[in-house]
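Coordinate inspection notes
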Amino acid sequence: MSIEYVLVSEGEQDEPIELPTEEDGSLLLSTVTAQFAGASGLKYRAGGRLRGLRLIEDRVSPPPGGWSAHRYFCAFPRASAPAARPRCSDLIVLGLPWKTGEDAVRDYFSSFGELLMVQVKRDTKTGLSKGFGFIKFAEYESQLRALGRRHMIDGRWCDVRIPNSKDGGAAAHRKVFVGRCTESLTADDLREYFGAFGQVTDVFVPRPFRAFSFVTFLDPEVAQSLCGQDHIIKGVSVNISTASPKRDRGSRSQLLGWGLLDGGAPRVYSWPPDAWPAHSQHSGHTTLAPHTPLSAAPDTKPYLKYE
């Protein structure tokens, strides 16, 4: 069969280009895409309706009337619908100082991104602040950054949550518990080390020193990927586990005793409330022994381990 030329355009109203057929009368799709990048086939209009041409193994077959009966234009694959972007929520800011007004709240949270709304709730009779308010960001990434950390506003720690959310805006999924810390590890050390895995939004080291800390990431997948691992930071072996809200622990809650064994190594103990260790002084360190009441624990204030 002799080679013929087929009139093909990108769109129905565009100027056509003549493309050569093969000896068997088919038109190679590669010949089409060489002129119209991204084309996946050809179509034509017959009787007011659009019709597509059969494509078999990269070869486009002519219509029943032959190539010369019509003019053809390219078919392109439909773009997949973009994933719906998460929408920003109204966020509640808890623990605001009584003196803090909307201007101060706006100034502080503007560092995270553009704000659409700032409101401090006040008593209708006295006009005094109720100690909480609401904010809303324009960008979801800004919301994530604000949810991933605690906030010091006018000298007081405040928390940001999604109202009526059981997990506090999934903040727990972005936070990890770092155990076996020593006093030589500073917040800057932890931020620098874990920053190599992903963006760190907050580092919390309790004072007085409690041999643990919390690190919060912007991406929850980064946080979860580190759980169950040991890491060496400045020569200190630390263990990473999930930081879950205490209310999720249920009947599995156990209290931690913190102390120093002989030799000065900080250790973590997990006993039920009726089996707290006693402590005595030995060689300048606290020595722990099992099966003593809670009142005999090294610290009068118990701490919960987050798992």
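Fair warning: this is a prediction, and the values are worked out from it, not measured in the lab.

The rules behind each value
Residues numbered from 1 in each chain as written. Predicted model: local features only at pLDDT ≥ 70, side-chain atom pairs only at ≥ 80, totals over all residues. Heavy atoms only, no water. Helix = DSSP H or I, 4+ residues; strand = E, 2+ residues; numbered from the N terminus. Buried < 20%, exposed > 50% of the residue type's maximum accessible area, 1.4 Å probe, protein only. Contact = heavy atoms within 4.5 Å. Areas by Shrake-Rupley, 256 points an atom, 1.4 Å probe, with all protein chains shown as cover. Pairing = 2+ DSSP bridges. Axes fitted to C-alpha atoms, helices over the stretch in contact; angles between N-to-C directions. Core = buried A, V, L, I, M, F, W, Y, C linked by side-chain atoms within 4.5 Å. pLDDT = per-residue confidence, 0-100.

Brief notes about the overall build of the chain
- Assigned secondary structure in the chain consists of 6 helices and 23 strands.
- By the burial criterion, 36% of the 307 residues in the chain qualify as buried.
- Within the chain, residue pairs in contact and separated by at least 24 positions form 56% of the contacts whose partners lie at least 6 positions apart.
- A total of about 17,800 Å² of accessible surface is found on the chain, and carbon and sulfur atoms cover 50% of it.

Notes on the sheet that holds strand β15 (residues 200-204)
- A sheet is described by the order of its strands in space; here 5 strands give the open sequence β15-β16-β14-β18-β17, paired in antiparallel fashion. Each edge of the open sheet is held by one strand with a lone partner, namely β15 and β17 (230-233). Adjacent strand axes in the sheet meet at a mean angle of 30° when their direction is disregarded.
- Here strand β14 (residues 175-179) runs beside strand β16 (residues 212-217); their pairing, made up of 5 bridges, is antiparallel. Each residue of the ladder has a partner; that of Gly179, found in β16, is Phe212.

So, the nonpolar core
- Of all hydrophobic cores here, the largest spans 18 residues; its most connected members are Val178, Phe194, Val215, Phe217 and Val238.
- Going through the elements one at a time, β14, α5 (187-194), β15, β16, α6 (220-226) and β18 (236-242) are the ones with two or more residues in this core.
- Aside from chain neighbours lying at most four places away, what touches Val178 is Phe194, Ala211, Phe212, Ser213, Val215, Val238, Asn239 and Ile240.
- Formed by 17 residues, the second largest nonpolar core is a distinct cluster that contains Val120, Ala146, Cys158 and Val160.

Some remarks on the confidence of the model for the chain
- Across the chain, the average pLDDT comes to 77, with 74% of residues at or above 70.
- When pLDDT is averaged over each helix and strand of the chain, the minimum, 39, is found for strand β19 (residues 255-260) and the maximum, 95, for helix α2 (residues 102-109).
- For residues 245-307, every residue scores under 50 in pLDDT, and the model assigns this stretch 118 contacts once sequence neighbours within four places are set aside.

Quick word on the environment of Phe209
- Mapped onto the secondary structure, Phe209 falls in the loop between β15 and β16.
- Phe209 sits in the partly exposed class, given a relative accessible area of 26%.
- Spatially, the C-alpha atoms of Phe209 and Cys181 are 9.3 Å apart, while their sequence positions differ by 28 residues.
- Once residues within four sequence positions are removed from consideration, Phe209 is found in contact with Cys181, Thr182 and Glu183.

What about the sheet that holds strand β10 (residues 115-122)?
- Strand order in the open sheet formed by 5 strands is β10-β11-β9-β13-β12, and the pairing between neighbours is antiparallel. The sheet terminates laterally at β10 and β12 (151-153), the two strands that pair on one side only. In this sheet, adjacent strand axes meet at a mean angle of 30° when their direction is disregarded.
- Here strand β9 (residues 91-94) pairs with strand β13 (residues 156-161) via 3 bridges, running antiparallel. Counterpart to Leu94 in the pairing with β13 is Asp159.

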